[in-house]
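# Summary of the model geometry
Residues per chain are reported as follows:
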Amino acid sequence: MLTFKDIVKSYEEDVLGPISIDIKNKSFVSIIGPSGSGKSTFLRLASGLIKQSSGLIGYNDNLKPKMGFVFQDSNLLPWRTVLDNVLLPLELTKEDKSKSIEKSLKWISRVGLGGKEDSFPNELSGGQKMRVSIARAMVQEGSLLLLDEPFSALDEVTRRRLEDDLLEIWKTNNITILFVTHSVTQAVYLSERVLVMSSGPGVIIEDLLINKKIDVGFEGTHEFLSQVKHLTDILRNEGI
Ligand SMILES: Nc1ncnc2c1ncn2[C@@H]1O[C@H](COP(=O)(O)OP(=O)(O)OP(=O)(O)O)[C@@H](O)[C@H]1O
Ligand SMILES: [Mg+2]
């Protein structure tokens, strides 16, 4: 899906890299690391929002895939309704208007917000705003979804629900997910693979395939806890 080869990003100083990594199609990969290690920079490079200073980024079949980006604050336009926020990415394409509306309504309903189409962002809870943001990121039905600490401002119960809904979206839509988080347990719970970045300039200091033999009740298992401990120990050595 996505390959980084010797990627370095510098501003006045180096902030990231060199990083070489292969992200498999349809995988769910989390990225954790100290503040300032370059996690958001990594996502922005993957999305093409910013350009690397050196190295090569490759995509499947050399074609940049359609992708959606979900930011920490849901980043909605306050003067637009839920429907018009979700429609936004389609307005930038040549998609037929009625088809666009149909797709947007479908995604609003998929994220559990059917009936809220005409609400404005200030009429929604934090969790609902995040759901709109996910619908907006998915409405183009791209193959890559990038999320930058999307759930960190939410309460525990809402966060849990959104995590499970995200897993469902991942499973039913055959997409690849890159997920930045501060939470080790969240990374182990959600993903198939966890990358740990060092303090800046960030390089990848651990690349762990999550051993997830049992899907239901995984969190209580010895495997879950030992992988969380392993990653927590690495972060602790990085000064978190
Ligand atoms: N536009 C920019 N100009 C200069 N430096 C930048 C710019 N964007 C990011 N940086 C620097 O790059 C480093 C990595 O930033 P980045 O936002 O990727 O970190 P992060 O791992 O996402 O941190 P956090 O966990 O706090 O979100 C930081 O030192 C930051 O100051
Ligand atoms: Mg960040």
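Residues numbered from 1 in each chain as written. Chains lettered and ligands numbered in written order. Predicted model: local features only at pLDDT ≥ 70, side-chain atom pairs only at ≥ 80, totals over all residues. Heavy atoms only, no water.

### Section: the overall build of the protein chain
For the protein chain, the helix and strand inventory stands at seven helices and nine strands. In summary, the protein chain has a C-alpha radius of gyration of 18 Å against a globular reference of 18 Å for 240 residues, a match within 12%. Taken along its principal axes, the extent of the C-alpha atoms in the protein chain is 50 × 45 × 30 Å. Out of the 240 residues belonging to the protein chain, those deemed buried represent 49%. A sequence separation of at least 24 residues applies to 67% of the contacts in the protein chain between residues at least 6 apart. Of the accessible surface of the protein chain, which amounts to about 11,700 Å², a share of 51% is contributed by carbon and sulfur atoms. Counting 29 positive and 32 negative side-chain charges, the protein chain places the centres of these two groups 3 Å from one another. (Helix = DSSP H or I, 4+ residues; strand = E, 2+ residues; numbered from the N terminus. Rg over C-alpha atoms; globule rule 2.2 N^0.38 Å. Buried < 20%, exposed > 50% of the residue type's maximum accessible area, 1.4 Å probe, protein only. Contact = heavy atoms within 4.5 Å. Areas by Shrake-Rupley, 256 points an atom, 1.4 Å probe, with all protein chains shown as cover. Lys, Arg positive; Asp, Glu negative; His and termini not counted. Charge placed at Lys NZ, Arg CZ, Asp CG, Glu CD.)

### Thoughts on the site of ligand 1
Around ligand 1, the surrounding shell consists of Tyr11, Val15, Pro34, Ser35, Gly36, Ser37, Gly38, Lys39, Ser40, Thr41, Glu149 and His182. For ligand 1, an oxygen atom lies 2.5 Å from a polar atom in the side chain of serine 35. Contact distances for ligand 1 include 2.8 Å between an oxygen atom and a backbone N or O atom of glycine 36. Here ligand 1 has 640 Å² of accessible area as a free molecule, and 60% of this is covered by the chains. Considering every element that reaches the shell around ligand 1, the biggest residue donor is helix H1 (residues 39–47), with three residues. Looking at the shell around ligand 1, its residues break down into three nonpolar, seven polar and two charged. (Near = heavy atom within 4 Å. Polar contact = N/O pair within 3.5 Å; in protein donor to acceptor, adjacent residues only side chain to side chain. Nonpolar A, V, L, I, M, F, W, Y, C, P; charged D, E, K, R; others polar.)

### Quick look at the sheet that holds strand E6 (residues 144–148)
Judged by pairing direction, the sheet is mixed, and its six strands sit side by side in the order E5-E6-E7-E3-E8-E9 without closing on themselves. In this open sheet, the two edge strands, each paired with only one partner strand, are strand E5 (67–70) and strand E9 (204–209). Taking the axes of each pair of neighbouring strands and ignoring which way they run, one obtains an average angle of 15° across the sheet. Sheet topology note: the strand E3 (residues 28–32)/strand E8 (residues 193–197) ladder contains four bridges and is parallel. The residue of E8 that forms the bridge with serine 30 is valine 194. Of the strands in this sheet, E3, E5, E6, strand E7 (176–180) and E8 touch H1, which is tilted by about 155° from E6. (Pairing = 2+ DSSP bridges. Axes fitted to C-alpha atoms, helices over the stretch in contact; angles between N-to-C directions.)

### Quick notes on empty space enclosed by the protein
Counted under the stated rule, the structure contains one cavity of 30 Å³ or more. For the largest cavity, the calculated volume is near 30 Å³. Where the lining of the largest cavity is concerned, the elements lending two or more residues are helix H4 (126–138) and helix H5 (156–173). Here the element with the most residues in the lining of the largest cavity is H5; it accounts for four residues. Of the residues in the lining of the largest cavity, the class split is five nonpolar, no polar and two charged. Of the domains in this structure, domain 1 (1–65 + 144–240) and domain 2 (73–142) are the two that each give at least three residues to the lining of the largest cavity. (1 Å grid on protein atoms, 1.4 Å probe; cavity = no way out; pocket = protein on both sides within 12 Å on 5 of 7 lines; lining within 4 Å. Points joined across faces, edges and corners; volume = space filled by probe spheres on them. Domains from an automatic or database assignment.)

### Observations concerning the domain arrangement of the protein chain
Split by domain assignment, the protein chain resolves into domain 1 (1–65 + 144–240) and domain 2 (73–142). Domain 1 and domain 2 are separated by 25 Å when their C-alpha centres are compared. Of the residues lining the interface, twelve residues belong to domain 1; the matching set on domain 2 comes to eleven residues. Across the domain 1/domain 2 interface, buried area totals approximately 930 Å², and carbon plus sulfur atoms make up 73% of it. Of all residues in domain 1, Leu145, Leu162 and Ile169 bury the most surface against domain 2, accounting for 41% of the area lost on that side. On inspection of domain 1 and its partner domain 2, the count reaches one salt bridge. Across the salt bridge formed by arginine 131 and aspartate 165, the nearest N and O atoms sit 2.8 Å from each other. Here the side of domain 1 that touches domain 2 is composed, by residue class, of eight nonpolar, two polar and two charged. (Buried area = accessible area lost by both parts, 1.4 Å probe. Salt bridge = Lys/Arg side-chain N within 4 Å of Asp/Glu carboxyl O.)

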